[in-house]
Amino acid sequence: MRKIIFVTLAICFFSLAHSQPNTEKVKVFLDCTQQWLCDFDFVRTEMKMVEFVRDRFQSDVHVLITTEYSSTGGTQQRLNLLGQKRFAGMNDTLTFFSDPTATDDQKRKQLVQYLKLGLTRYIAKTTSGSNLQITYPVDSSASSGNTSPEAKKDKWHYWVYQFGASGSFNGNQNNRSNSVYGYFNADKETEEWKASFHVSADKSNSIYKDSSGETKFVRKNYNSGLTIAKSINKHWSYGLSSYYQNTLYNNIKNGFIIRPRLEFSLFPYSKFNSQRIVIQYLLGPLHNSYYDTTIYFKTSEWQVQQSINIITSFNKPWGNINLGIFWSNYFDDLSKNNLSFNGAVNWKIAKGLNFGIYGFYGLIHDQITLRKGAATRDQLLVNNRELLSAFEYNLGLGFSYRFGSISNSIVNPRFKGLNYSVNF
């Protein structure tokens, strides 16, 4: 009799356990390619309906967030939702645009809004979905009948303007310095056209004291530029770039350059957020006048310069790749050229293990603006003058390994310290 009762209870328990719906929250791995734009603490605080984990291999949904910048200063963010494990094959993509005038708080709230929208389909397939509440505000303009085309016209014709200025002053008993900076930008971006204009100026003074008296060093830069681009189709575009600069460091008193440009994209431009391979070609004249005679005994000169650039970028669940090859030369002497390689790779190798490498290497043979004569010791110490060099490089690499609890949905703000930013 006891055996019959035991078997009966075991069967009932087994049946009850397997009939019990899965109450586990959806595990989400948030993968932001521009981490400084994603406030992870805020996201985790505002989204308690899911469980955030620290490893993509332990997640049900891998959310890859990529960011691109428009010429108007705004950002377009794309949420690639990749279903894993029980949601394998359930993938989705959401795209939204953040206004350039939006505050950091508005941006992070917008991110949370679209994260909730994207994750709803996954949450709905669990018992947690019964707690979801979906609301939609009434459109007051529609209810009032205000739907005329005139109400939707952009009075600025898609132009965005921005200007600003900043200054700093510091010193001690032995030295003092000051600097001022100002700029103005105007940008327009539509499906067919892209235009950008900028002008800026900055100047700094550094004064050093020693037993022989005071020594003053000045840096100043004035520059402006205009870029226009026109779409031909989903793979081709053409445009024009022009530039003016006045830089004491580079010995350029007045420098002008104007170059038509052509670009080919191997992938359609609509895919730029996830994969991009483009080839750019620029060709045009430039004119420089100099503060001091150059090493080629020129006080001014005309040149024709061409550039060929190859740029690639890929954002994938396992990481991202950004590589570029840049070539330029002057036509009067092909030996006056510049070739540089630039790139970074971030690779999530395995569970908790990340590896990153970035670097730059340039072969320099086009320093036509260099001053003649040797630099003084003071100029070398304060880096106040461009010097002859056949190459330049930088290289960095690193890795990280995280292990332990995979959950990261809890936020504890105690002893967080001061955190602020100032943007001009």
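Data block above holds the structure.
Residue numbers restart at each chain and count upward from 1, following the sequence in its written direction. This being a predicted model, a pLDDT of at least 70 is required before a residue's local features are given, and a value of 80 or more before pairs of side-chain atoms are given or counted; all residues contribute to the totals for chains, interfaces and linings. Hydrogen atoms and water are omitted, and side-chain values are computed over all heavy atoms in the structure.

Chemist: Whenever I open this one, the overall build of the protein confuses me. Can you help?
Modeler: Along the backbone of the protein there are five helices and 17 strands. Residues classed as buried in the protein amount to 31% of the 424 residues present. By the convention used here, residues are in contact when the closest approach between their heavy atoms is within 4.5 Å. Within the protein, contacts between residues at least 6 apart in sequence are counted, and of these 56% link residues at least 24 apart. Exposure was quantified through the Shrake-Rupley algorithm and a 1.4 Å probe, taking into account, for residues, occlusion by the shown protein chains and nothing else. Accessible area for the protein stands at about 26,900 Å²; split by element, carbon and sulfur atoms hold 58% of it. Here a strand is any run of E in DSSP of at least two residues, a helix any run of H or I of at least four, and the numbering for each starts at the N terminus. The classification of residues rests on relative accessible area computed with a 1.4 Å probe and restricted to protein chains. Under 20% of the type maximum is buried, over 50% is exposed, and intermediate values are partly exposed.

Chemist: Is there a simple way to think about the pairing of strand S14 (residues 319-330) in this case?
Modeler: Along a regular strand, successive side chains alternate from one face of the sheet to the other. Here strand S13 (residues 300-316) runs beside S14; their pairing, made up of twelve bridges, is antiparallel. Its bridge partner being in S14, Ile310 is matched across the sheet by Ile325. Any two strands with at least two DSSP bridges between them are considered paired. In textbook terms, the turn of a hairpin is the stretch between consecutive antiparallel strands, and for S13 and S14 this stretch comprises two residues. When S14 meets strand S15 (residues 333-350), the two strands line up antiparallel, connected through twelve bridges. Its bridge partner being in S15, Ile321 is matched across the sheet by Val345.

Chemist: Help me understand unusual backbone geometry, please; the structure alone is not making it clear to me.
Modeler: The bulk of non-glycine residues show a negative phi, and the bulk of peptide bonds are trans. Phi at Tyr158 is positive, roughly 70 degrees, even though this residue is not glycine. Along the polypeptide, Tyr158 turns up in the loop between helix H4 (140-143) and strand S6 (159-171). Phi angles above zero are rare outside glycine, and Asn251 is one such case at about 70 degrees. For Asn251, the position within the fold is in the loop between strand S10 (236-247) and strand S11 (252-265).

Chemist: Teacher, can you tell me more about the pattern of salt bridges here?
Modeler: Any carboxyl oxygen of Asp or Glu within 4 Å of a side-chain nitrogen of Lys or Arg constitutes a salt bridge here. Under the defined criterion, the tally for this structure stands at seven salt bridges. Here Asp31 makes a salt bridge to Lys348, at a shortest N to O gap of 3.1 Å. Here Lys348 lies in strand S15 and Asp31 lies in strand S1 (residues 27-32), a separation of 317 residues in the sequence. This pair shows no difference in class: Asp31 is buried, exactly as Lys348 is. Residue Asp332 is joined to Lys336 by a salt bridge in which the shortest nitrogen-to-oxygen separation is 3.5 Å.

Chemist: Help me understand the nonpolar core, please; the structure alone is not making it clear to me.
Modeler: Note on soluble globular proteins: their nonpolar side chains tend to be buried together. What is meant by a nonpolar core is a set of buried Ala, Val, Leu, Ile, Met, Phe, Trp, Tyr and Cys residues, joined one to another through side-chain atoms within 4.5 Å. Formed by 24 residues in total, the largest nonpolar core has its most connected members in Val63 and Leu119. Of all the elements in the fold, those that place two or more residues in this core are S1, helix H2 (40-46), strand S3 (61-69), strand S4 (75-83) and helix H3 (104-123). When residues of this core are assigned to their parent elements, the largest contribution, six residues, is made by H3. Membership of the second largest hydrophobic core comes to six residues, among which are Ile252, Ile257, Tyr290 and Tyr330.

Chemist: How should H3 be read in this particular structure?
Modeler: Helical periodicity: at 3.6 residues per turn, an α-helix aligns residues three or four positions apart in one direction. Taking 1.5 Å as the rise per residue, H3 with 20 residues should run 28 Å; its terminal C-alpha atoms sit 27 Å apart, in good agreement. Two axes define the bend at a residue: one fitted to the seven residues ending there, one fitted to the seven starting there, and the bend is the angle between them. Of all the bends in H3, the greatest, near 25 degrees, is centred on Leu117. Looking at H3, one finds that the buried residues are Gln110, Leu111, Val112, Leu115, Gly118, Leu119, Tyr122 and Ile123. Against S1, H2, S3, S4 and strand S5 (91-98) lie the buried residues of H3. Take the number of residues in a helix, subtract one, and multiply by 1.5 Å to get its expected span.

Chemist: It is not clear to me how the sheet that holds S3 should be interpreted in this structure. Could you clarify?
Modeler: The pairing of strands in a sheet happens through backbone hydrogen bonds and is either parallel or antiparallel. Strand order in the open sheet made by the five strands is S2-S1-S3-S4-S5, with mixed pairing throughout. Every interior strand has two partners, whereas the edge strands, strand S2 (51-52) and S5, have only one. Contacting S1, S3, S4 and S5, H3 crosses the sheet at an angle of about 160 degrees to S5. Axes here refer to lines fitted to C-alpha atoms; in helices the fit is confined to the stretch in contact. Angles between the N-to-C directions go from 0 to 180 degrees.

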